[in-house]
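Working through the structure, step by step
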Amino acid sequence: MAAKTRTFQWVYAGLWLIRIWFALYGTGYIHPDEHMQNGEVTAGNILGLHALTTWEWHQDFPVRSILPTFVTTGLPLLALRLLFGPERLHPPLVFRIQRLAFLCLSSVLDYSVWSLVPQPAPRRLSLLLLASSYVTCTFQVRPFSNSLESVLVSLCIVLFRRIVDKRMRLKVGREKTPAYALKRDLHLLAVLAVIGTFTRPTFVAFALPIAYQLLRLSYQVVGSPFQVVSLLLPPICTAMLAASVFIAVDTFYFRGNLSKPVITPYNFVKYNLSAENLAGHGLHPNWLHAGVNMPMLLGPLFLWFAWCSMCEYVKPSGHRVQKVYFETDILRRTLIQIIILSLSVLSLQPHQEPRFLTPLILPAIVLLATTELPRPGKFFWVTWITFNTLLALVFGVLHQGGVVPSILALHSTLRNGPAGSSTHIIYWKTYTPPRHLLGVSRGVGVPGKISFVDLSGAPQNELMAALSAQSSNSTYLVTPVPMYSMLPQGISSCMVLKKHISPHLDLDHIPESILAGHDALSLGIYAVERGCIAVGLATQEHL
């Protein structure tokens, strides 16, 4: 047993080192929201950097609350600004501060697993599954709102388990559970519920089974509907007070006064109920979450999960493992309800992305760890390690992996460039670059000395228009090398490669990447020669 414990400790510590590396040095770019929902906002507000304000933060109809964003990455940036001054917070440090904040938040998931699985062997198994999951090493260390939602869901489950444990200990001692023993945790749950709802209103789908079980438990504790109301009314008032704080802060942030309340969860739901709005983000079939996204997140764990569930279901009732502990039984029942309800509700939405399901990773792991079935064997571990290693490399390192290094490189170029010169920067066929990492203050950015154009997946003619419109001292084009090779010879010959960044996996242009050969996984920063490009564009117009 001691040898197993030591082996587990070494493996778990190694997995934590891997998570730290992915958090601080993994420049893979999963989705623009990892910057636009958090760091782009806080760095712009607190450090005064030029940043992009996306549709989610428009003052007329904001769908994001500023408080979760400010607390997660805003406070660390503010603390370092007060300690060292904004001039010493260079973009690489700003980038890593955001990652470090969510790396620390990811440890809450480990604490939650440790709290929810008390038996040593199942606890070791569940911690290893969590720590070795590529979701933990990639999604959870990025400043996604989904990452914070996962943490809040796990804390709610921990508090729920604590309430059940407290009730059970007193029941075994043949004492009636006093109401005051539940009040503190109920108030904490109420506050977490409000934070979760204002972080992402989808949190409600994960939290409803906990609320239902708490309602049943409250009735068992106090014995009458009237006393249930008396027990739950104070936490409800706490939730209303917490919601009022969120509404007041958001209203002041977006309106500048408190005259017209801003309720961001309401705006979020209203926006997402419109199929026309969601069409701009991509429409998906209702089965995508259950058929693709859930297996993609869990991998072999999903198959093992399905197999264990079937084995438990088909057992004759007399041969099923009898649960000795009431708290384990009710916890498993609640976790099953969380998985089924949230998956069903989120599948009703026509826009479905894998990260929307990240809060289900912990419930699935804990549910399996508390199931009295044979532990996974060698075949499972081989497939599990292979699957998570590959996807950790794809999402943590390769996917759009040149975007962040490129904008950090441009920051160095601008900092070391001649004073007073104007610069035009164009990004083409990449994810939206986080502009705050350019390290340019708002007064210098658009429409000042630095102009920035994000063409994303625009056609080639829009790139030509952007090149012809520039009149700066220097112009830089940032694009995947395979896409550069597709430009007309008269245009590409006017560009000089200044920096070659690798790896950069562009899954949106696989055919072009294949044709590029050894440059398939590369991003280039090209200096555009102004006089040459004018001649090249004129030649193109006559062709």
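None of these values were measured; they are calculated from a predicted model. (Residues numbered from 1 in each chain as written. Predicted model: local features only at pLDDT ≥ 70, side-chain atom pairs only at ≥ 80, totals over all residues. Heavy atoms only, no water.)

1. Examining empty space enclosed by the protein
Following the criterion strictly, the structure yields two cavities of 30 Å³ or more and no others. Forming the boundary of the largest cavity are 14 residues, of which Gln-37, Pro-68, Thr-69, Ser-145 and Thr-199 lie nearest the centre. Sorting the residues of the lining of the largest cavity by element identifies α2 (33-46), α3 (66-84), α7 (145-172) and α8 (180-199) as the ones contributing at least two each. Classifying every residue of the lining of the largest cavity by side-chain character gives six nonpolar, seven polar and one charged. Considering only enclosed or pocket space, the second largest cavity measures out at about 70 Å³ in volume. Lining the second largest cavity are Leu-109, Leu-130, Val-135, Thr-136, Gln-140, Ser-150, Thr-358, Pro-359, Ile-361 and Leu-362. For the lining of the second largest cavity, the secondary structure elements donating two or more residues are α6 (134-137) and α16 (361-369). Residue composition of the lining of the second largest cavity, grouped by class: six nonpolar, four polar and no charged. (1 Å grid on protein atoms, 1.4 Å probe; cavity = no way out; pocket = protein on both sides within 12 Å on 5 of 7 lines; lining within 4 Å. Points joined across faces, edges and corners; volume = space filled by probe spheres on them. Helix = DSSP H or I, 4+ residues; strand = E, 2+ residues; numbered from the N terminus. Nonpolar A, V, L, I, M, F, W, Y, C, P; charged D, E, K, R; others polar.)

2. Notes on the state of the cysteines
For the structure on display, the rule yields one disulfide. There is a disulfide in this structure between Cys-494 and Cys-532, and the S-S distance comes to 2.0 Å. On the sign convention where negative is left-handed, the bridge of Cys-494 and Cys-532, at about -65 degrees about the S-S bond, is left-handed. Here the residue Cys-494 occupies a position in the loop between α21 (489-492) and β4 (495-501), and Cys-532 occupies one in helix α23 (residues 530-542), the gap between them amounting to 38 residues. What makes Cys-494 buried here is its relative accessible area of 1%. Among the residues examined, Cys-532 registers a relative accessible area of 28% and is labelled partly exposed. (Disulfide = S-S within 2.5 Å. Buried < 20%, exposed > 50% of the residue type's maximum accessible area, 1.4 Å probe, protein only.)

3. Details of the packing of α2 against α3
Packed helix pairs are specified by the crossing angle of their axes together with the interaxial distance, meaning the distance between the axes. The geometry of α2 relative to α3 is characterised by a closest axis approach of 9 Å and an angle of 50 degrees between their N-to-C directions. Relative to α3, the element α2 lies oblique. Every pair of crossing elements has a handedness; the one defined by α2 and α3 is right-handed. Counted together, Gln-37, Asn-38, Gly-39, Val-41, Thr-42, Ala-43, Asn-45 and Ile-46 of α2 and Ile-66, Thr-69, Phe-70, Thr-72, Thr-73, Gly-74, Leu-77, Leu-78 and Arg-81 of α3 form the full contact between these two elements. Within the contact of α2 with α3, the residues separate by chemical class into seven nonpolar, nine polar and one charged. (Axes fitted to C-alpha atoms, helices over the stretch in contact; angles between N-to-C directions. Parallel < 35°, antiparallel > 145°, perpendicular 65-115°, else oblique. Left-handed = near helix turned anticlockwise from the far one by under 90°. Contact = heavy atoms within 4.5 Å.)

4. Notes on the layout of surface pockets
By volume, the second largest pocket is sized at about 540 Å³. Contributing to the lining of the second largest pocket are 19 residues, with Leu-189, Ala-190, Ala-193, Ala-211 and Leu-214 lying nearest its centre. Here the lining of the second largest pocket takes eight residues from helix α9 (residues 203-222), the largest share from any one element. Residue composition of the lining of the second largest pocket, grouped by class: 18 nonpolar, one polar and no charged.

5. Topic: α16
With respect to burial, α16 is a largely interior element, nine of its nine residues being buried. For α16, every residue scored as buried is listed here: Ile-361, Leu-362, Pro-363, Ala-364, Ile-365, Val-366, Leu-367, Leu-368 and Ala-369.

6. What to know about the packing of aromatic side chains
Inspection of the entire model under this criterion finds 16 aromatic pairs. An angle of 85 degrees between the planes, with centres 5.3 Å apart, marks the rings of Tyr-29 and Tyr-431 as edge-to-face. Of this pair, Tyr-29 sits in the loop between α1 (2-25) and α2 while Tyr-431 sits in the loop between β1 (423-428) and β2 (450-456), placing them 402 residues apart in sequence. Among the residues examined, Tyr-29 registers a relative accessible area of 1% and is labelled buried. Each ring, one from Trp-57 and one from Phe-254, has its centre 6.4 Å from the other, and the planes form 25 degrees; the classification is stacked. Taken together, the residues Trp-57 in the loop between α2 and α3 and Phe-254 in helix α10 (residues 225-255) connect sequence positions 197 residues apart. Across this residue pair, the class does not change: Trp-57 and Phe-254 are buried. In textbook terms, an aromatic cluster arises when at least three aromatic residues are bridged by ring pairs, as seen for Tyr-134, Phe-139, Phe-144, Phe-387 and Phe-395. (Phe/Tyr/Trp six-rings, centres within 6.5 Å; stacked < 30°, edge-to-face > 60°.)

7. Brief notes about the side chain of Arg-99
Looking at where Arg-99 falls in the secondary structure, it is placed in helix α4 (residues 91-116). Among the polar contacts listed, one links the side chain of Arg-99 to the backbone oxygen of Phe-22, at a separation of 3.3 Å. Discounting residues that sit within four places of it in the chain, Arg-99 has contacts with Phe-22, Ala-23, Gly-26, Gly-28, Glu-34, Val-141 and Arg-142. (Polar contact = N/O pair within 3.5 Å; in protein donor to acceptor, adjacent residues only side chain to side chain.)

8. A closer look at helix α11 (residues 264-272)
Of all the residues in α11, the buried ones are Thr-264, Pro-265, Asn-267, Phe-268, Tyr-271 and Asn-272. Axial view of α11: buried residues confined to an arc of 160 degrees, hence all on one face. (Arc of directions from axis to C-beta.)

9. Quick word on the sheet that holds β1
Sheets are built from strands paired through backbone hydrogen bonds, the pairs being either parallel or antiparallel. Spatial strand order, β2-β1-β3-β5-β4: five strands in an open sheet with mixed pairing. Edge positions in the sheet fall to β2 and β4, since each of these pairs with one other strand and no more. Recorded for the sheet is a direction-independent mean angle of 20 degrees between the axes of neighbouring strands. Pairing between β1 and strand β3 (residues 474-480): five bridges, direction parallel. Note that in β3 the partner of Thr-423 across the bridge is Ser-474. Contacts from helix α18 (residues 403-416) reach β1, β2, β3, β4 and β5 (523-528) within the one sheet, and its direction differs from that of β1 by about 170 degrees. The sheet strands contacting helix α19 (residues 460-469) are β1, β2, β3, β4 and β5, and the helix crosses β1 at an angle near 175 degrees. (Pairing = 2+ DSSP bridges.)

10. Thoughts on the pattern of salt bridges
Throughout the structure, instances matching the rule amount to nine salt bridges. Taken together, the shared-partner salt bridges connect Asp-33, Glu-353 and Arg-355 into one network. (Salt bridge = Lys/Arg side-chain N within 4 Å of Asp/Glu carboxyl O.)

11. Description of the pairing of β3
Among the seven residues of β3, six are classified as buried, and the element is accordingly described as predominantly covered. Relative to β5, β3 is paired through six bridges, and the arrangement is antiparallel. Bridged to Tyr-476 within β5 is Ala-527.

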